Every structure is written in structure tokens, then in C-alpha cells.
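# Notes for the structure review
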Amino acid sequence: MTVRDDMAAGTRLLVVDDEPAILDVLATSLRFLGYEVAEATTGRAALTAAREGGFHLVLLDVVLPDLDGFAVVRRLREGGGRVPVVFLTARESPEDIVAGLDLGADDYITKPFRLAEVAARVRAVLRRREAPAAARVLSCADLELDTDTYEVRRGGRLVDLSPTEYRLLRHLLAHQGRVLTHGQLLEHVWGQEGGDPGVVKTYISYLRHKLDGAGPSLIETRRGIGYTLRAPEEP
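The protein chain appears in an unreviewed UniProt entry as Response regulator transcription factor from Streptomyces evansiae.

The following block contains the structure:
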């Protein structure tokens, strides 16, 4: 981490961790990249600071001495707080990751982590939050979805999708780069809470069959968690 981040100037981060060594390394590294960084060591302090506003993103440990990170995000979201949150934690089971994402976290980084990865995730979340909310054409690599004409093209070729396939793809494109859990997709695409995750799996398979014939696969499976849509890495 030797180069200042291109979007760090004027960006305020709140870093929350009860381990002094980790907190110091994270805060110092992010300040070196050009971010303005505040620190907290407890869940209650984090909740108070986040509610007061002014932060562009919160890096939040899950295991804290009073309120855990999940409780902090739950109370923050219930109170209308929309500041982006990235969890930092050693709890890496799919159940924990799903729980964190379903609460409204924007990303989830497991310990031990590389500082370069943390910086990259911070940039990605900030860019997603700055993206236009109502872009007419959503795109990823050579895939394009026109929200006015309801047309989907891959490599310039028209792809025929059912209404449900279209809604699923639009949601994935609108949140590309972010892991979406089965529960989030069921809620936002099908309007169901606690539905059958197998439905999501089936329609993801339909989408892949129709989209992947024209190029590299864009939809990644995160086993036990959900799916993410992202451009393939260049060789």
C-alpha cells in the first residue's frame, strides 16, 4: 500500500476494532492512503459515532466487548442509517457471512486480511455508492441491459429473457461486485421472505445458460452464501 487512493481525499472512515494492534495498523494505513480516519473500540461508541453522521464508510469488527457488530448494524439500519458498512471478522462461516449481509452490510472481510485487500474493498464499496441510482443502461463487460426497452444484449447479440430472469439479472447488475445472499435475492426479485433458495439456484442456472454462450461467465457462486456478478479478470 504505497500509493494514495484516488478517491480518498475528503472521505471519512470510521474504523472499529477492540484489538489495539489491528486498529492501529488499519487506521494508520488508511490515513497514509489519504483517508480521514476516526477510531472506536466498542459497539456502543461505533453506533453513537455512526448515528452522528459524516462518515462515508464504517469498517466494523463483529466481535466487540459490548454490542457485537451485527447488533450495531441492526440498530443503525432500524434507525434509518444508510452509511456503508464493511465487516472485519475472524468469523468466516457461511452462516455468519449471510447473517451480516442480510442485515445490510455492504461487504465482509475475514481475518487475517491483507491491507491491500481492505483498501480495494473500501474503494469498491465507495464507488458503488457513488454510481448513478437510475442509469438507463446497466452494463458489465460486454453485457448490457436497457431499462427503458427491456432489451438485454451480450456481445451485441439480443438475449431473450423471461420477466423473472430479467428482474434477477437487473438486480445483479445494479449491485455488481457485491455478494447477494439467497435471502436478499428472494426478497428483492421474488418479494418473498424465507422462500426456497432452490428457486434462486434454478433461475441463476437459466441465466447462465442464456448468457454464457456468448462469452465468459459473469455470475459467480459463493457456496453457501449466494451470488455475485462481476467482469472477468483479464489474463
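### Brief notes about the overall build of the protein chain
When helices and strands are tallied, the protein chain shows eight helices and 12 strands. Dimensions of the protein chain, computed from the C-alpha atoms along their principal axes, are close to 55 × 40 × 30 Å. Sorting the 235 residues of the protein chain into buried and exposed places 44% on the buried side. Residue pairs at least 24 apart in sequence account for 59% of intrachain contacts in the protein chain once pairs closer than 6 positions are excluded. Approximately 12,000 Å² of the protein chain is accessible, and the part contributed by carbon and sulfur atoms is 50%. Mean positive and mean negative side-chain charge positions of the protein chain (30 and 35 charges, respectively) differ by 2 Å.

### A closer look at unusual backbone geometry
Across the junction of K111 and P112, the peptide omega takes the value -5°, indicating a cis bond. Along the chain, P112 falls in the loop between β5 (107-110) and α5 (115-130). Even without being a glycine, A141 presents a positive backbone phi close to 55°. Its identity is not glycine, yet Y150 carries a phi of approximately 65°, on the positive side. Overall, the relative accessible area of 55% leaves Y150 in the exposed class.

### So, the UniProt feature "modified residue: 4-aspartylphosphate" (unreviewed entry) in the protein chain
Here the UniProt-annotated "modified residue: 4-aspartylphosphate" (unreviewed entry) positions come out as D61. With sequence-adjacent residues up to four places away left out, D61 is seen in contact with V16, D17, D18, G69, L88, T89 and K111.

### Thoughts on the sheet that holds strand β6 (residues 137-140)
Taken in spatial order, the four strands line up as β6-β7-β8-β9 in an open sheet, and their pairing is antiparallel. Sheet topology places β6 and β9 (157-159) at the edges, where each strand pairs with a single neighbour. When strand polarity is set aside, the average angle formed by the axes of neighbouring strands in this sheet is 25°. Relative to strand β7 (residues 143-146), β6 is paired through four bridges, and the arrangement is antiparallel. Along β7, the bridge assignment pairs V137 with D146. The sheet strands contacting helix α8 (residues 197-211) are β7, β8 (151-154) and β9, and the helix crosses β9 at an angle near 160°.

### Observations concerning helix α4 (residues 94-102)
Turning to α4, its buried residues are D96, I97, G100 and L101. In a view along the axis of α4, the buried residues occupy a sector of 130°, so they form one face of it. Elements that come into contact with the buried residues of α4 comprise α3 (69-78), β4 (85-89), β5, β10 (180-181) and α7 (182-189). Looking one or two residues beyond α4, the residue adopting positive phi is G104, at roughly 115°.

Definitions and cut-offs
- Residues numbered from 1 in each chain as written.
- Predicted model: local features only at pLDDT ≥ 70, side-chain atom pairs only at ≥ 80, totals over all residues.
- Heavy atoms only, no water.
- Helix = DSSP H or I, 4+ residues; strand = E, 2+ residues; numbered from the N terminus.
- Buried < 20%, exposed > 50% of the residue type's maximum accessible area, 1.4 Å probe, protein only.
- Contact = heavy atoms within 4.5 Å.
- Areas by Shrake-Rupley, 256 points an atom, 1.4 Å probe, with all protein chains shown as cover.
- Lys, Arg positive; Asp, Glu negative; His and termini not counted.
- Charge placed at Lys NZ, Arg CZ, Asp CG, Glu CD.
- UniProt positions renumbered as here; feature names shortened; annotations may be inferred.
- Pairing = 2+ DSSP bridges.
- Axes fitted to C-alpha atoms, helices over the stretch in contact; angles between N-to-C directions.
- Arc of directions from axis to C-beta.

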